[in-house]
Amino acid sequence: MQKGFSLIEMLLAGLFGSLLLTASSQALIGLIRYQTDQSELLRLTEKTTLAEMALKQTLAFSADAVIIGKAVDHYPAKTPKKTHTQYSSLGNNTSFNQFSSSDWLILLTNNDEKKYGVFHLDKKSYGYGLAYKELSTKKIKSISNTLVNQVELLRFRYLPDENTQEHYCLEKQKITINEDNKVKEVEGLNCSAIEENPARGIQFAFILATQKPIKKPGDSSFYLWGETLIPPKDGLYRQLISSTVRLSKDVIPSAASSP
Amino acid sequence: MLNSIHSQGFTLLELLLSLLLTALMVMGVTQYLLVSSRIQLIMQQEALASRTLESLLLQASFSQQKKAAVKAVLSSNTCPSNLSNNSLDLTHWCQALHQLPQLKVKSSNTLLSLEWQSLGRTRRVSRQPIP
């Protein structure tokens, strides 16, 4: 015996049904958005760890020289400029691309064989990020490898001397930067008192951004070492990480070795 | 009853039952989102607290002066205004003060911990104290 719906039942069912359908589709859309954001954040966390590890490892195994090229523009300046280094130990001019709002760092890795490398930010066809380039006199064309994408800012400073609070240059030779064919000395460094005051370590900081805009609001400004950094308002979520590494040639002071 | 041979088409009860199931599913999804975002928040806060402690303890291990400076910062429980003059890297400490509600530093002989209130509970991250 067939029993169809009555009009009231039909209306009731239709009303409930459409309400629930709207609610469930909303919930599902929310779920999908949430998961997408979540995976972006996960990727961000992974990349910050990778970048931190890369910097820490390389710095910790670097023995000798560290020379800093300072940022020349305000953050964010993501146009890479070609930067030449004229560094006597490297013989030839070596060059690399570098975001002008970030610092760059030349490392001398240790022991028997001297190796030079530079940490810098640059833009390649597949995106921008933290890159490491080995500089050498033998290989004329060494390749800059991008280690971690989406790094927007990179800052270094020496672990300052306890008494004078000054930041030091570790190498005797001064370095000159040739930017747009303008040669100038690196500013803000006291390269005269090297042997008396070797720097103990390096502090670094970087800002990493997600690849896509996400719903979670990011910080409207970052405060790093007395400088306020205002990120662009593009919906990307950013994270500021800073850390300290001691150079391997440094003798561990007695205070640290006691338990 | 649901699939008896004689009935053709849904009865109202069956229809309502299926709607109820959908409602339950929606509630499940909402609940998942809520719980998941809470976990995410807590994880982020814990990561920040651990980073803060790690960075301060690492710097305290460098020298006696740094140790005193770190201790002073921890006991003051504020972000110093003249950061540029400060030789310590307090980036994470200031972020933690800003982002973790009611942040407190508890230190004893055996533990140094950061405590903050989050989602109605006291959360804590502990490390070895500065010697």
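Residues numbered from 1 in each chain as written. Chains lettered and ligands numbered in written order. Predicted model: local features only at pLDDT ≥ 70, side-chain atom pairs only at ≥ 80, totals over all residues. Heavy atoms only, no water.

(A) The arrangement of the sheet that holds strand β11 (residues 201-209) of chain A in detail. Residue and element names in this part refer to chain A. Read across the sheet, three strands follow the order β8-β11-β14 without closing on themselves; strand pairing throughout is antiparallel. Each edge of the open sheet carries a strand with a single partner, namely β8 (151-158) and β14 (238-246). When strand polarity is set aside, the average angle formed by the axes of neighbouring strands in this sheet is 15°. Of the pairings in the sheet, the one linking β11 to β14 comprises nine bridges and is antiparallel in character. The residue of β14 that forms the bridge with Ile 207 is Leu 240. Contacts between helix α1 (residues 7-60) and the sheet are confined to β8, β11 and β14, with β11 contributing the most and set at about 160° to the helix. (Pairing = 2+ DSSP bridges. Helix = DSSP H or I, 4+ residues; strand = E, 2+ residues; numbered from the N terminus. Axes fitted to C-alpha atoms, helices over the stretch in contact; angles between N-to-C directions. Contact = heavy atoms within 4.5 Å.)

(B) Structural detail: the packing of aromatic side chains. All names here are of chain A. Evaluated as defined, the whole model comprises two aromatic pairs over all chains. Measuring from centroid to centroid gives 6.3 Å for Phe 204 and Phe 206, while their planes differ by 10°, and the two rings are stacked. Here the two residues Phe 204 and Phe 206 agree in accessibility, since each one is buried. (Phe/Tyr/Trp six-rings, centres within 6.5 Å; stacked < 30°, edge-to-face > 60°. Buried < 20%, exposed > 50% of the residue type's maximum accessible area, 1.4 Å probe, protein only.)

(C) Geometry of helix α2 (residues 64-76) of chain B. All names here are of chain B. The end-to-end C-alpha distance of α2, which contains 13 residues, comes to 18 Å, matching closely the 18 Å that a straight helix rising 1.5 Å per residue would cover. Taken together, the buried residues of α2 touch α1 (12-60), α3 (91-99), β1 (104-107) and β2 (112-118). The first or second residue beyond α2 is Asn 77, which carries a positive phi of 60°. (Expected span 1.5 Å × (residues − 1).)

(D) Spatial organisation of the pairing of β2 of chain B. All names here are of chain B. Burial analysis of β2 places six of its seven residues in the buried class, the great majority of the element. Relative to β2, β1 is paired through four bridges, and the arrangement is antiparallel. Its bridge partner being in β2, Lys 106 is matched across the sheet by Ser 113. From the end of β1 to the start of β2, which pair antiparallel, there are four residues.

(E) Geometry of the pattern of salt bridges. Residues and elements named next belong to chain A. For the coordinates displayed, the defined rule picks out nine salt bridges over all chains. We note a salt bridge from Glu 40 to Arg 43, for which the minimum N-O separation is 3.3 Å. Of this pair, Glu 40 and Arg 43 are both found in helix α1, three residues apart, which corresponds to roughly one turn of the helix. (Salt bridge = Lys/Arg side-chain N within 4 Å of Asp/Glu carboxyl O.)

(F) Region of the structure containing the pairing of strand β6 (residues 127-135) of chain A. Residue and element names in this part refer to chain A. Burial analysis of β6 places seven of its nine residues in the buried class, the great majority of the element. Sheet topology note: the strand β5 (residues 115-124)/β6 ladder contains nine bridges and is antiparallel. Residue Lys 123 lies in a different strand from β6, and its bridge partner there is Tyr 128. With antiparallel pairing between neighbouring strands as the criterion, β5 and β6 make up a hairpin whose turn holds two residues.

(G) Representation of a nonpolar patch on the surface in the model. On the surface, Leu 17, Leu 20, Leu 21, Leu 24 and Met 27 of chain B cluster together into a nonpolar patch covering about 510 Å² of accessible area. What makes Met 27 of chain B exposed here is its relative accessible area of 53%. (Patch = residues over 30% accessible without salt bridge, like charges linked within 9 Å, V, L, I, M, F, W, Y side chains within 5 Å. Areas by Shrake-Rupley, 256 points an atom, 1.4 Å probe, with all protein chains shown as cover.)

(H) Structural context of unusual backbone geometry. One non-glycine residue, Gln 150 of chain A, lies in the positive phi region at around 70°. The residue Gln 150 of chain A is located in the loop between β7 (144-149) and β8 in this model. Backbone geometry at Asn 77 of chain B places phi at a positive 60°, although glycine is not the residue there. Along the chain, the position of Asn 77 of chain B falls in the loop between α2 and α3.

(I) Structural context of the side chain of Thr 210 of chain A. All names here are of chain A. Here Thr 210 shows up in the loop between β11 and β12 (222-224). Take Thr 210: its relative accessible area is 2%, and that puts it in the buried class. In contact with Thr 210, other than residues within four places in its own chain, are Glu 40, Leu 44, Gln 150, Leu 236 and Tyr 237.

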